[in-house]
Amino acid sequence: MIPMSLAEIAAAVEGRLSETADPEALVTGGIEHDSRKAGPGGLFLALPGEKVDGHDFAPAAAAQGTVAAVASRQIDSPAVYVEDGLRALADLAREVARRSPATVVGVTGSNGKTSTKDIIGQLCASLGPTVATEGNFNNELGHPYTVCRVEPDTRYLVLELAARGVGHITELCEIAPPSIGVVLNVGISHLDGFGSIETTAEAKSELPRFLAPEGTAVLNADDPRVAAMADRTRAQVLTFGVTEPADIAAVDLVPGDGRHRFTLRTPAGAAAVRLR
């Protein structure tokens, strides 16, 4: 995490410090909600659960070297007291993102988010220090947790954005505003939560609609619902596809033995690609 004092963290999350917490103590590690992963210089996020209460593990986290716990009830170790732990995590992530110069890339879609995010993360890592969502840890807990992993030298932050309803993607974007937004597709995988494919499209369009004019929306030209989002963003638009005219296109596609081969056509030129 970007180093901050406990006083700065308390201000960011609208919390108050316990009497045993040193306002000047510097948090240099990450924030963990699993006490087994908590370590020296970090924070422990004590969350109440249905079967176990994270507050019961705050002393163990302190014994492992954490600077303090973010807690919503009294504990016997240094703490930043807040009303709601998840909201505090989001507020802390928002402050980390505000202090970071990293380029933020958001990825959403009904299918393929995790694999696409992984590929983008690997490509960005070849250019500089990169933090990316682990697995599909993309919800109201996983998203700010990932943002809090950003360090002072992080150049790219690649985030997978999931939604269970309209408004969720906007909420995630407000924590770490993306400058690049990728929309893969609009499918029927979430109809149980959205009710219709039109509502699903509306939710996914929140990412390109959120982007600033200097940002870039990367849209799937092969999906009509995604392609239509070009008219709903202020950002520059880049399209990709295999069957429609697109700025970035995979042409001459050969499935082969399951390792697809194609020619990648881009404004900067063309290259032969063979997937692993």
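Here, every reference points to the structure presented above.
Residues numbered from 1 in each chain as written. Predicted model: local features only at pLDDT ≥ 70, side-chain atom pairs only at ≥ 80, totals over all residues. Heavy atoms only, no water.

Undergrad: Lay out the pattern of salt bridges with the relevant residues and their values.
TA: When charged atoms on two side chains of opposite charge get close, those side chains can pair. In total, this model carries 14 salt bridges according to the counting rule given. Notably, a salt bridge pairs arginine 36 with aspartate 34, separated by 2.9 Å at the nearest N-O pair. The exposed category is assigned to arginine 36, whose relative accessible area is 73%. What emerges from the salt-bridge pattern is a single network uniting Glu8, Glu95, Arg98 and Arg99. (Salt bridge = Lys/Arg side-chain N within 4 Å of Asp/Glu carboxyl O. Buried < 20%, exposed > 50% of the residue type's maximum accessible area, 1.4 Å probe, protein only.)

Undergrad: How would you summarise the sheet that holds strand S11 (residues 180-183) if you had to cite specific residues and measurements?
TA: Here nine strands make up an open sheet; going across it, the order is S9-S10-S8-S11-S12-S13-S14-S15-S16 and the pairing mixed. The strands lining the two open edges of the sheet, one partner per strand, are strand S9 (130-132) and strand S16 (269-274). Strand-to-strand, the axes of this sheet are offset by a mean angle of 15°, without reference to chain direction. Alignment of strand S12 (residues 216-220) against strand S13 (residues 236-241), held across five bridges, turns out to be parallel. (Pairing = 2+ DSSP bridges. Helix = DSSP H or I, 4+ residues; strand = E, 2+ residues; numbered from the N terminus. Axes fitted to C-alpha atoms, helices over the stretch in contact; angles between N-to-C directions.)

Undergrad: Would you mind going over the sheet that holds strand S2 (residues 16-17) in detail, with residue names and values included?
TA: Judged by pairing direction, the sheet is mixed, and its five strands sit side by side in the order S2-S7-S6-S5-S4 without closing on themselves. Strand pairing shows two members of the sheet lacking a second neighbour, S2 and strand S4 (31-32), which therefore form its edges. Where strand S6 (residues 68-71) lies against strand S7 (residues 79-81), three bridges are found, and the strand directions are parallel. Residue alanine 71 lies in a different strand from S7, and its bridge partner there is tyrosine 81. Along the sheet, helix H3 (residues 85-99) contacts S4, strand S5 (43-45) and S6; its crossing angle with S5, the most-contacted strand, is approximately 140°. (Contact = heavy atoms within 4.5 Å.)

Undergrad: Got a sec to walk through the side chain of asparagine 185? Specific residues and values, please.
TA: You can see asparagine 185 is positioned in the loop between S11 and helix H7 (191-194). For asparagine 185, a relative accessible area of 18% corresponds to the buried category. Polar contacts involving the side chain of asparagine 185 include one to the main-chain amide nitrogen of serine 110, which spans 2.9 Å. At 2.9 Å, the side chain of asparagine 185 forms a polar contact with the backbone nitrogen of asparagine 111. (Polar contact = N/O pair within 3.5 Å; in protein donor to acceptor, adjacent residues only side chain to side chain.)

Undergrad: I'd love a proper account of the nonpolar core, names of residues and values included.
TA: Counting residues in hydrophobic clusters, the biggest one holds 50 residues, and the most contacted among them are Met1, Leu6, Ile31, Leu43, Leu92, Cys148 and Leu157. Listed by contribution, the elements that provide at least two residues to this core are helix H1 (6-12), S5, S6, H3, strand S10 (156-160), helix H6 (168-175), helix H8 (197-204) and S12. With six residues, H3 is the single largest residue contributor to this core. With residues up to four places along the chain from it excluded, the contact list for leucine 6 reads Leu17, Ala21, Asp22, Pro23, Ala25, Val27, Leu43, Val67, Ala68 and Val80. (Core = buried A, V, L, I, M, F, W, Y, C linked by side-chain atoms within 4.5 Å.)

Undergrad: I'd like a rundown of the packing of aromatic side chains, residues and numbers included.
TA: We describe a pair of aromatic rings using the distance from one ring centre to the other and the angle between the two ring planes. Within the structure shown, the criterion is met by one aromatic pair. Relative to tyrosine 145, the ring of phenylalanine 137 has its centre 5.6 Å away and its plane inclined at 70°; by these criteria the two rings are edge-to-face. On the accessibility criterion, phenylalanine 137 (25% relative accessible area) is partly exposed. (Phe/Tyr/Trp six-rings, centres within 6.5 Å; stacked < 30°, edge-to-face > 60°.)

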